[in-house]
Amino acid sequence: MGGGVMKSGGGGGRRRRRRGGGGAQPMAEINVTPMVDVMLVLLIIFMVAAPLLTVGVPVELPKTAAAALPQDTEEPLTVTITAEGLVQIQTTDVPMDELTNRLRAIATERADDRIFLRADGAVPYQTVAQVMGALNRGGFSSIGLVTDTGGPTFDGPAGN
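This one's a predicted model, so the numbers in the text were calculated from it and none came from an experiment.

About the cut-offs
Residues numbered from 1 in each chain as written. Predicted model: local features only at pLDDT ≥ 70, side-chain atom pairs only at ≥ 80, totals over all residues. Heavy atoms only, no water. Helix = DSSP H or I, 4+ residues; strand = E, 2+ residues; numbered from the N terminus. Buried < 20%, exposed > 50% of the residue type's maximum accessible area, 1.4 Å probe, protein only. Contact = heavy atoms within 4.5 Å. Areas by Shrake-Rupley, 256 points an atom, 1.4 Å probe, with all protein chains shown as cover. Pairing = 2+ DSSP bridges. Salt bridge = Lys/Arg side-chain N within 4 Å of Asp/Glu carboxyl O. Axes fitted to C-alpha atoms, helices over the stretch in contact; angles between N-to-C directions. Parallel < 35°, antiparallel > 145°, perpendicular 65-115°, else oblique. Left-handed = near helix turned anticlockwise from the far one by under 90°. Core = buried A, V, L, I, M, F, W, Y, C linked by side-chain atoms within 4.5 Å. Expected span 1.5 Å × (residues − 1). Arc of directions from axis to C-beta.

J.: An account of the overall build of the protein chain is requested, with residue identities and associated values reported.
T.: For the protein chain, the helix and strand inventory stands at three helices and seven strands. Reading the helices (α) and strands (β) of the protein chain from amino to carboxyl end gives α-β-β-β-β-α-β-α-β-β. Taking all 160 residues of the protein chain together, the buried fraction comes to 21%. Long-range pairs, those at least 24 residues apart, make up 72% of the contacts in the protein chain between residues at least 6 apart in sequence. With an accessible surface of roughly 12,700 Å², the protein chain has 58% of that area assigned to carbon and sulfur atoms.

J.: Could you give me a rundown of unusual backbone geometry, with the residues and numbers involved?
T.: In this structure, Q90 is a non-glycine residue whose phi angle is positive, near 55 degrees. Mapping Q90 onto the fold places it in the loop between β3 (87-89) and β4 (92-94).

J.: Break down the pairing of strand β2 (residues 77-81) for me, with residues and values.
T.: In terms of burial, β2 is largely enclosed, as five of its five residues are buried. Sheet topology places β2 next to strand β5 (residues 114-119); five bridges connect them, and they run parallel. Paired with T78 across the strands is F116, a residue of β5. Of the strand pairs in this sheet, β2 and β3 are connected by three bridges, and their pairing is antiparallel. Paired with V79 across the bridge in β3 is I89.

J.: Residues and numbers for the pattern of salt bridges, please.
T.: Evaluated as defined, the whole model comprises one salt bridge. Here R102 and E98 are joined by a salt bridge, their closest N and O atoms 3.1 Å apart. For R102, a relative accessible area of 33% gives the class partly exposed.

J.: Give me the lowdown on the packing of helix α2 (residues 99-109) against helix α3 (residues 125-137), citing residues and values where you can.
T.: The interhelical angle for the contact between α2 and α3, taken along N-to-C directions, is 40 degrees, at an axis separation of 8 Å. Overall, the two elements α2 and α3 adopt an arrangement that is oblique. Crossing hand, α2 versus α3: right-handed. Contact residues: α2 offers L99, T100, L103 and R104, while α3 offers V131, A134, L135 and R137.

J.: Outline the nonpolar core, listing residues and values.
T.: In terms of nonpolar packing, the biggest core is built from 17 residues, with V79, L99, L103 and V131 touching the most fellow members. Only β2, β3, α2, β5 and α3 provide two or more residues apiece to this core. With four residues, α3 is the largest single contributor of residues to this core. Leave out the neighbours within four places in its chain, and L99 touches V87, I89, V94, V131 and A134.

J.: Any chance you could break down α3 for me, citing the residues and the numbers?
T.: Under the 1.5 Å per step criterion, the end-to-end length of α3 is 18 Å for 13 residues, consistent within 8% with the ideal 18 Å. Along α3, the residues classified as buried are V128, V131, A134 and L135. Seen along its axis, α3 keeps its buried residues to an arc of 120 degrees; they face one direction. Facing away from the buried side of α3 by more than 90 degrees, the exposed set consists of Y125 and Q126. Contacts made by the buried residues of α3 are with β2, β3, α2, β5 and β6 (142-146). Once α3 finishes, G139 follows within two positions and takes phi at roughly 110 degrees, a positive value.

By themselves, these observations are geometric and do not establish any function.
The structure is reproduced here in C-alpha cells:
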C-alpha cells in the first residue's frame, strides 16, 4: 500500500506511436489563411493607389540621358503639348493666344518661378519654342523640359 510506479504501455492509457528516431513530428499542413488576408489587403491598396499614380495627359516623351531635377515641396506646375498640338496647363486645355495671360495670373500666386514643359516627341520644334517663349513672357524663367530616361548618351560606341 505504498506508492508504486505505473508502467506506460499497459492497459487503459493512451498509446503513442513513434516512428523512427523520436522527437516531434513536422506539421504536414500549411495555414494559408494569414497569407491570403495579407494578399487581399495589398490588392485593395494597389487597386486604390493605381489610379492616383496615372494622373495627367498621355504624351510620348522623348528620351535623353539627363538626370532628374530635385523635387520641391510645392506642387510643380506643368505645361503639356500633346501630339495633336493642344496646350494644357496641368490638365486644363488652354488656347495658345490665352497662354501668356493665364501664366501671368498663375505666376503671381506662386513663390517659385520654375515650370515643367512636357511635349510629345512628334510635336515640331517650332511649336515647343513658341510655348517656351510664352512661358518666359508669362513670368516663368526657370523652364525644365520633361523627358524619359534611356535615350542616347553620345559617349561614343557602347563598350568603350
